[in-house]
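As a plain string of letters, each chain reads:
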Amino acid sequence: MGFRNKCPPKSCDTFVALPPATIDNLIIFGKNSDRPSDEVQEVVFFSAATYQPGDKVECTYLTIDQAEKTHAVVLSRPSWLWGAEMGSNEHGVCIGNEAVWGKEEQDSKEALLGMDLVRLGLERSETAEKAVDVLTNLLEKYGQGGNCMEDKVTFTYYNSFLIADRKEAWILETIGKYWAAEKVAEGVRNISNQLSITTKINKEHPDLRSYAKERGWWDGKTEFNFTAAYSYQDPSNELDSRYCAGLQLLNKHKGNIRIETMMEILRDKESGINMEGGFTTTGSMASILPMDTSLHCIHFLTATPYPERSVFKPFIFVQNMRQFLQTSSPSFGPDDPVKKTPRFQSKPDRRHVLYKKHEVAADYMGSKRTKGSKMLQGIKELEKKQLEIAEDVLQNGIPDTTKVVHIFPDCVAEEIAIYGV
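What counts and how
Residues numbered from 1 in each chain as written. Predicted model: local features only at pLDDT ≥ 70, side-chain atom pairs only at ≥ 80, totals over all residues. Heavy atoms only, no water. Phe/Tyr/Trp six-rings, centres within 6.5 Å; stacked < 30°, edge-to-face > 60°. Helix = DSSP H or I, 4+ residues; strand = E, 2+ residues; numbered from the N terminus. Buried < 20%, exposed > 50% of the residue type's maximum accessible area, 1.4 Å probe, protein only. Lys NZ or Arg CZ within 6 Å of the ring centre and 35° of its normal. Core = buried A, V, L, I, M, F, W, Y, C linked by side-chain atoms within 4.5 Å. Contact = heavy atoms within 4.5 Å. 1 Å grid on protein atoms, 1.4 Å probe; cavity = no way out; pocket = protein on both sides within 12 Å on 5 of 7 lines; lining within 4 Å. Points joined across faces, edges and corners; volume = space filled by probe spheres on them. Nonpolar A, V, L, I, M, F, W, Y, C, P; charged D, E, K, R; others polar. Pairing = 2+ DSSP bridges. Axes fitted to C-alpha atoms, helices over the stretch in contact; angles between N-to-C directions. Disulfide = S-S within 2.5 Å. Patch = residues over 30% accessible without salt bridge, like charges linked within 9 Å, V, L, I, M, F, W, Y side chains within 5 Å. Areas by Shrake-Rupley, 256 points an atom, 1.4 Å probe, with all protein chains shown as cover. Salt bridge = Lys/Arg side-chain N within 4 Å of Asp/Glu carboxyl O. Lys, Arg positive; Asp, Glu negative; His and termini not counted. Charge placed at Lys NZ, Arg CZ, Asp CG, Glu CD.

(A) The packing of aromatic side chains, seen in detail. Counted by the stated rule, this structure contains 16 aromatic pairs. Seen in terms of ring centroids, Trp-101 and Tyr-157 are 6.1 Å apart; in terms of plane orientation they differ by 75°. Their pairing is edge-to-face. Remark: Tyr-157 occurs in the loop between helix H2 (128-142) and strand E11 (158-164) and Trp-101 occurs in the loop between strand E10 (94-100) and helix H1 (114-124); sequence separation between them is 56 residues. Judged by its relative accessible area of 7%, Tyr-157 falls in the buried class. Judged by centre distance (5.4 Å) and plane angle (70°), the rings of Phe-155 and Tyr-157 are edge-to-face. The class of Phe-155 is partly exposed, set by a relative accessible area of 24%. By way of ring pairs, the aromatic residues Phe-45, Phe-315, Phe-317, Phe-324 and Phe-408 are connected into one cluster. Over the face of the ring belonging to Tyr-364 we find Lys-371, whose NZ or CZ atom lies 4.6 Å from the ring centre.

Here it is, written out as structure tokens:
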């Protein structure tokens, strides 16, 4: 079956593959972030930190209670907000989120964005299951809502999350304050812009079923199906959805999925997973999570749009990390139009150094001109070298962490040199 959709999808996609679908006892995570084409996505690192009782943290729209301790995180995020589209922490927890809609009406009130929840979950969780508990507790306490785009036009949605660690994965899907979670212990799983949890529910909001029954969405007699109850979609009709296309790609490689496979899926244009247009794949991430805890997790992030014309650059959590200057967007502090009321009255230039260089280079590479072909060949060779480094780390460990502490920014510098623009 082909992947041509009747309606062009406008969504992100998040994937996970676990043994026996993968090789070498690895869990592989991946996500494309599809956002407005003019939005800059940055890759940033934040160290672990400790806080005092009563300390607060300023998220995109809300200021909330800070945790006693936060874990080190690497994030890929739209540069105008506090949270993240995707990322990982020092314990090997990875989270990606998707926009979803359902029968419960959207609340335009500013609360936590789904992207805020991604970062909060990473900063506060040592495992994927703990992240489910952290996110649902935050959802109950603060709610979700607010404009999800840097624009005067309001765009709101509910959120689903794919959360993975070295042991397992969890799908968490929300509609308003109600939610259901599904544990994934083996094989493959993906999420897109639709609810996907049906009758296999491992955790849920205490009032999930009673509320559905009260609203007339479930008769209380048939087996409870979360998607059927809370979504307008027909859960049996997924043939034309991007969710189905993503699942087909995972199943195509089942039993032999490796990090290169995930990168190929994220670069797939025929399925619509790799988007270009009004909504574009503005950032991509793929992670290797070894089930053997003596091995390091390795995360690859682009920090640029168009994954087929980008480099997946490796990042490994080790001591003495530093912030990434060339993939960090400029900060505007209290003068940022996002912080002022009314919000979004203007848009500052948020392009980071790599974005500016890649913006010019991507046009060359897309044109198939001689200069662009040389650039494209150069970044392919650079990525291949990074994958060889990752394989060596998995096989031999890291005897000297100083050799990988700056592996991500060093790769960025090599990428910029290839562009030469």
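(B) Quick look at the nonpolar core. With 85 residues, the main nonpolar core has Phe-224, Phe-226, Tyr-230, Phe-300 and Phe-315 as its most contacted residues. Per-element accounting of this core gives the leading share, 8 residues, to helix H8 (residues 370-396). If we ignore the near neighbours within four places in the chain, the residues touching Phe-300 are Ile-259, Met-263, Ser-284, Met-285, Ala-286, Ile-288, Phe-312, Lys-313, Pro-314, Gln-386, Leu-387 and Ala-390. In terms of nonpolar packing, the next biggest core, distinct from the first, is built from 28 residues, Leu-117, Val-118, Leu-138 and Leu-139 among them.

(C) Expanded view of empty space enclosed by the protein. Per the stated rule, a full pass over the model turns up 1 cavity of 30 Å³ or more. A volume near 30 Å³ is recorded for the largest cavity. What lines the largest cavity is Leu-112, Leu-113, Gly-114, Gln-144, Gly-145, Gly-146, Cys-148, Thr-156, Tyr-157 and Asn-159. Partitioned by chemical class, the residues of the lining of the largest cavity number 4 nonpolar, 6 polar and no charged.

(D) Structural context of the sheet that holds strand E2 (residues 26-36). As summarised here, the arrangement of the 6 strands in space is E14-E1-E2-E16-E17-E18, forming an open sheet in which the pairing is antiparallel. Among the strands making up the open sheet, the edge pair consists of strand E14 (187-191) and strand E18 (313-315). The sheet shows a mean angle of 15° between the axes of neighbouring strands, taken without regard to direction. The sheet contact formed by E2 and strand E16 (residues 279-290) spans 11 bridges and is antiparallel. When the sheet's bridge partners are listed, Pro-36 is paired in E16 with Phe-279.

(E) Spatial organisation of the state of the cysteines. A complete count under the given rule lists 0 disulfides for this structure. The thiol of Cys-12 is not disulfide-bonded; the next cysteine sulfur, from Cys-148, is found 11 Å away. Given the relative accessible area of 7%, Cys-12 is considered buried. Unpaired in terms of disulfides, Cys-59 finds its nearest cysteine sulfur in Cys-148, a separation of 14 Å.

(F) Structural context of a negative patch on the surface. A surface patch of negative charge is lined by Asp-24, Glu-260, Glu-264, Glu-391 and Asp-392. By the element assignment, Asp-24 lies in the loop between strand E1 (13-18) and E2. A relative accessible area of 56% places Asp-24 in the exposed class.

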